[in-house]
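Chain residues, written in single-letter form:
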Amino acid sequence: MSARSGAPLEGVVVADLSRVLAGPLATSMLADLGATVIKVERPGTGDDTRQWGPPWTDDGTAAYFESANRTKRSIALDLRDADDLALAHTLVRRADVLVENFRTGALDRLGLGYAQVAPDNPGLVYCSITGFGSGAGADLPGYDFVVQAVGGLMSITGDPGGEPTKAGVALVDVLTGKDAVIGIMAALAERERSGRGQHVEVNLLSSLLGSLVNQASGYLTTGRAPGRMGNQHPSIAPYETLRCADGSLAVACGNDGQFARLCKGIGRPELADDPRFATNAARVAHRTELVTSLEEALAADTAAGWQQRLSDADVPVGEVGDVGTAFARARALGLDPTVEVGDGHPPQVRHPVTYSLSTPVTPTAPPRLGQHDDEIRRWLADETETP
């Protein structure tokens, strides 16, 4: 196997023993940064998400799998088979990073737990991803939807008086995957200083609680759990969607100056001096009257028309669109939101960070199940070969 060049994590070998989303997304980001990621999958079926369709790509791959597995190499290993298990042990011994999301204790029974592999590979950064930690919650299966429910996210998402609602994407898995990358990068930095690896643990519930920011702080300050407010903000107004002649406009006025420009832009400058609306606290207290006054003025034009006029006036606004219009907007802004990964595969979302010095690798298509078996087995058999 040949190493990539010029990327920040060039030469870092990642043993990817994870599946579904949080772990594979984390290792995909490491691959973007140049790490050699070897994805270990079950023979025959592979990662669960290979079957999570529709939609499917032209070559029959589930689009879900494509989203988190680019630029990896796949080997199919049956960890119940002695020979395949021995190869997995060799891979872990030669890896710099291991990422896994097995049930707590499952890898220990295979001799692949952190305490078992660290003596032979003391520099290994071993990242475990669980749903609810490795203590009292170790036996609880970690699924994003369940964690959104028990972790409070659904309780603050949706319309007032309506049903608790999940986010439109597996947001907790995504946040946990990013937390895993942060933990891994911090552990690699520590290894540069001390030469020692360590066990990094992340779990979905902790990542969700860490993402609740002001809502969590509000609860910890008052002891009162926040509720659903639809598109409104509990502490800022106007910071919500407002009806226009043909649709909705997201308006986010974070200070009095922005609110004054909004009022002037919609032809109602006097609202900025109204005692009910002169300060943010007053606007929050009189939100119903504020929204009524703003929507009366906004009814005079379309959401697109107001977006242009108010953006020109330096008011933070945006027409409510969909995923397609979001990509179109990013392209129009020169953000180059997608990259090609090869024939038969759809474009993928570009690595979201730009660097003034380092350069992410050019991504390649997610691997077919076991696509790199021969290549990886040769490398595992030859201690002198560079991955």
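Up top is the structure.
Every chain's residues receive numbers from 1 upward, in the order its sequence appears when written. Per-residue local features of the predicted model are confined to residues with pLDDT of at least 70, and side-chain atom pairs are confined, for both listing and counting, to 80 or more; whole-chain, interface and lining totals are unaffected and use all residues. Water and hydrogen atoms play no part in the side-chain values, which are based on all heavy atoms of the structure.

To continue, consider the packing of helix 1 (residues 22–32) against helix 6 (residues 171–194). It is the contact of helix 1 with helix 6, at a shortest axis distance of 8 Å, that shows an interaxial angle of 50°. By the angle between their axes, helix 1 is oblique relative to helix 6. Regarding helix 1 and helix 6, the two cross each other, and that crossing is right-handed. Contacts between helix 1 and helix 6 involve A22, L25, A26, M29 and L30 on the former and, on the latter, D173, V174, T176, G177, K178, A180, V181, I184 and M185. Note that Gly is not counted as nonpolar here; it falls among the polar residues with everything else outside the nonpolar set of Ala, Val, Leu, Ile, Met, Phe, Trp, Tyr, Cys and Pro and the charged set of Asp, Glu, Lys and Arg. Partitioned by chemical class, the residues of the contact of helix 1 with helix 6 number ten nonpolar, two polar and two charged. Each axis is a line fitted through C-alpha atoms, and for a helix only the stretch in contact is used; angles between axes span 0 to 180 degrees, taken between their N-to-C directions. Each helix is a run of DSSP H or I of at least 4 residues and each strand a run of E of at least 2, with the numbering of both proceeding from the N terminus. Here the angle decides the label: under 35 degrees means roughly parallel, over 145 means roughly antiparallel, 65 to 115 means roughly perpendicular, and every other value means oblique. The handedness criterion is simple: a crossing whose near helix is rotated anticlockwise from the far helix by less than a right angle is left-handed, and one whose near helix is rotated clockwise is right-handed. Pairs of residues are marked as contacts when any of their non-hydrogen atoms sit within 4.5 Å.

Before going further, it helps to spend a moment on the packing of helix 6 against helix 7 (residues 204–211). It is at 9 Å that the axes of helix 6 and helix 7 come closest, and there the two elements cross at 95°. What the angle tells us is that helix 6 and helix 7 run roughly perpendicular. From helix 6, V172, D173, L175, T176 and D179 reach across to helix 7, where they touch L204, S207, L208 and S211. The residue makeup of the contact of helix 6 with helix 7, split by class, is four nonpolar, three polar and two charged.

Here we come to the layout of surface pockets. Estimated volume of the largest pocket: approximately 1,100 Å³. Secondary-structure elements contributing two or more residues to the lining of the largest pocket are strand 2 (36–41), strand 5 (125–130) and helix 5 (144–150). Here the residues of the lining of the largest pocket sort into 23 nonpolar, eleven polar and twelve charged. Its volume calculated, the second largest pocket comes out at about 680 Å³. Using protein atoms alone on a 1 Å grid, points that fit a 1.4 Å probe yet trap it form a cavity, whereas open point sets bounded by protein on both sides within 12 Å along at least five of seven lines form a pocket; residues with an atom within 4 Å of a point count as lining. Forming the boundary of the second largest pocket are 24 residues, of which L25, S67, A68, Q348 and V349 lie nearest the centre. Counting only elements with at least two residues in the lining of the second largest pocket, the list comes to helix 1, helix 2 (63–66), helix 6 and strand 11 (348–349). The dominant element in the lining of the second largest pocket, judged by the number of residues it contributes, is helix 1, at four residues. A per-class count over the lining of the second largest pocket returns 14 nonpolar, five polar and five charged. Grid points are joined across faces, edges and corners, and a volume is the space filled by probe spheres set on the points.

So, about the side chain of Q148. Residue placement: Q148 occurs in helix 5. A distance of 2.8 Å separates a polar atom in the side chain of Q148 from a polar atom in the side chain of D144. The contact partners of Q148, leaving out residues within four places of it in the chain, are L153, M154, K166, A167, V169, A170, L171, V172 and L208. Two N or O atoms count as a polar contact when they lie within 3.5 Å, although within protein this holds only if one can serve as hydrogen donor and the other as acceptor, and sequence-adjacent residues are included solely when both atoms are side-chain atoms.

This paragraph deals with the pattern of salt bridges. The salt bridge definition used is simple: a Lys or Arg side-chain nitrogen within 4 Å of an Asp or Glu carboxyl oxygen. Under the defined criterion, the tally for this structure stands at 17 salt bridges. Two residues, R73 and E375, come together in a salt bridge whose shortest N-O distance is 3.3 Å. Here R73 is found in strand 3 (residues 72–76), whereas its partner E375 is found in helix 14 (residues 373–381), with 302 residues between them in sequence. R73 gets classed as buried once you look at its relative accessible area, which sits at 9%. Using a 1.4 Å probe on the protein chains alone, a residue whose accessible area is under 20% of its type maximum counts as buried, one over 50% counts as exposed, and one in between counts as partly exposed. In this structure E375 comes out as partly exposed when scored by relative accessible area, which is 22%. Among the ionic pairs, R191 bridges to D96, the shortest N-O distance being 3.2 Å. With R191 in helix 6 and D96 in the loop between helix 3 (82–94) and strand 4 (97–100), this residue pair connects regions lying 95 residues apart in the sequence. Here R191 matches D96 in class, with each residue buried.

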